[in-house]
Amino acid sequence: IRCLEFKFMVPLDHSDPQGTPLFLHAKLVYDHYLPGKPEPKTRSNWKDIVRARKNPDLLLYLCGGPGDDNTLKNPALKKAAMARGYYVLFVDYRGTGRSSAITRVPDRGAEYLAMFRQDNIVRDLEAIRLCLAKELLSKQKPEPELKFSLLGQSFGGWIILTYLSFLPSSLKRVGIHAGLPPLGKSAEAVYRQTFKEVIKRNEDYYKKYPGDVDRVRDIVAKLEENPHKFTPEIYGTTHTVTGRTFLTVGRTLGVEGGGKDIHQLVECMFNDLKSGDKLSDETCKRYLECLGFKLNERPLYGVMHESIYCSGSGASRWAAKRVALEEQGDKFSWIDDNILTKLERYTGELYFSGEMIYPFMLKYSGDALRAFEKVAEELACKRDWPQLYDLEQLGKNAVEARAIVYPDDMYVAGKLSEETVPMV
């Protein structure tokens, strides 16, 4: 497998081409070059690599997120794609990886960050497609079309349906893995459904590890009694470990073996706090691995998470927090403030949360993330979001589209994905 790297320049706002520029990093992965000629060794003849076929088939891989760089670590998938004749293109989404990465709060704050959702990601990808078509095909007669095939995972599926909504003629075929987004649903509706699967995972967890009911409560109480005492440096970032941040490790319940990993963390943390007032290096490592959010590495994930559900008017207003506190009962009451007072009156199980973002998570994930608290609040209150999907266009879609949906998916609600199927 061989790789070539590219840099593209696009505007922050595609309606203002001369405005603030962004740079997008991309990789072209290939295993085909002109027969009988030496393998290209420089960027100057990359065009020959793709022109080796009369109708080059470019597969654009779209990773999860929002906020992740687009590096596929599955070599088997790359090889499988190339065995089917694809050249595989990986693009770091705007604001991630090596594409004008967002690492601090921009001067224009929420106004600037609001430009980093899937609608503008699609515009970026379309600009890349047009650029490649011009570079590769403009001299061929008759001039063929260069269309993308898309393969998206999780948030990549959100991007695909936006692409299908507004630029379907640019696409040859699309495939979505565990990322068929809900259509016509508010953020609240999405979290109501997602919490159902999170609750099932918690019920299964406590049935398997009943002794952890009291251990988890003891851990939460001890951490909350000293909310600023446990501040280990983990992988170069100082984290504040509180009872509430500890209970967000439930994101790991959505993967195979995740319950066992959390149980081992509970045992380690319980023993550390029982014997002293310090968390061991091993416990800190397990904590960060179970936490999984990596907000210090991808701030957009925390800041933009709920905005990907806002299509048209309406603010998210921290929908996950509101749904948990208003509808999910005492088991999630820890998400609000004054957790120690709640523990005094509620003596039952405390449920771990799933892939939800709450305001306090930015506060306790290091100084760099703490700086995003204000802008995250502004984005949560923003009402005038552009439409992300064209339901009429999706309803008459003619582009070949396939999707894999997992009914018990804890991250992307399978029931809502199934409701999307007949709408495309």
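Basis of the calculations
Residues numbered from 1 in each chain as written. Predicted model: local features only at pLDDT ≥ 70, side-chain atom pairs only at ≥ 80, totals over all residues. Heavy atoms only, no water. pLDDT = per-residue confidence, 0-100. Contact = heavy atoms within 4.5 Å. Core = buried A, V, L, I, M, F, W, Y, C linked by side-chain atoms within 4.5 Å. Buried < 20%, exposed > 50% of the residue type's maximum accessible area, 1.4 Å probe, protein only. Helix = DSSP H or I, 4+ residues; strand = E, 2+ residues; numbered from the N terminus. Pairing = 2+ DSSP bridges. Axes fitted to C-alpha atoms, helices over the stretch in contact; angles between N-to-C directions. Salt bridge = Lys/Arg side-chain N within 4 Å of Asp/Glu carboxyl O.

Student: What's the story with the confidence of the model for the protein chain in this structure? I'm lost.
Tutor: The predicted structure's coordinates, where accompanied by low pLDDT, should not be read in detail. Residues at a pLDDT of 70 or more form 91% of the protein chain, whose mean pLDDT is 90. A low-confidence stretch, residues 33-37 (pLDDT under 50), is modelled with six contacts involving residues beyond four sequence positions or located in other chains.

Student: Could you clarify how one ought to interpret the nonpolar core in this entry?
Tutor: For soluble globular proteins, nonpolar side chains are generally found buried alongside one another. Core analysis: the largest hydrophobic core is formed by 133 residues, its most contacted members being L113, F246, M269 and F352. Of the residues forming this core, the biggest block, eight residues, is contributed by helix α4 (residues 118-137).

Student: Any chance you could explain the sheet that holds strand β9 (residues 400-404) here in plain terms?
Tutor: Two orientations exist for strands paired in a sheet by backbone hydrogen bonds: parallel and antiparallel. Spatially, β1-β2-β4-β3-β5-β6-β9 is the arrangement adopted by the seven strands of the open sheet, whose pairing is mixed. Sheet topology places β1 (2-11) and β9 at the edges, where each strand pairs with a single neighbour. For this sheet, the mean angle separating the axes of adjacent strands, direction not counted, is 20°. Here β1 runs beside strand β2 (residues 21-30); their pairing, made up of ten bridges, is antiparallel. Residue pairing in the sheet places K7 in a bridge with H25 of β2.

Student: How should I be thinking about the pattern of salt bridges in this particular structure?
Tutor: Side chains bearing opposite charge may pair, as long as their charged atoms lie close to each other. All chains considered together, the criterion is met by 23 salt bridges. With a closest N to O distance of 2.8 Å, E126 and R129 form a salt bridge. With E126 and R129 both in helix α4 and three residues apart, this pair spans about one turn of that helix. When the shortest N-O distance is used, the salt bridge between R402 and E400 registers 3.5 Å. Among the charged side chains, a salt-bridge network with shared partners connects D57, K172, R173, E400 and R402.

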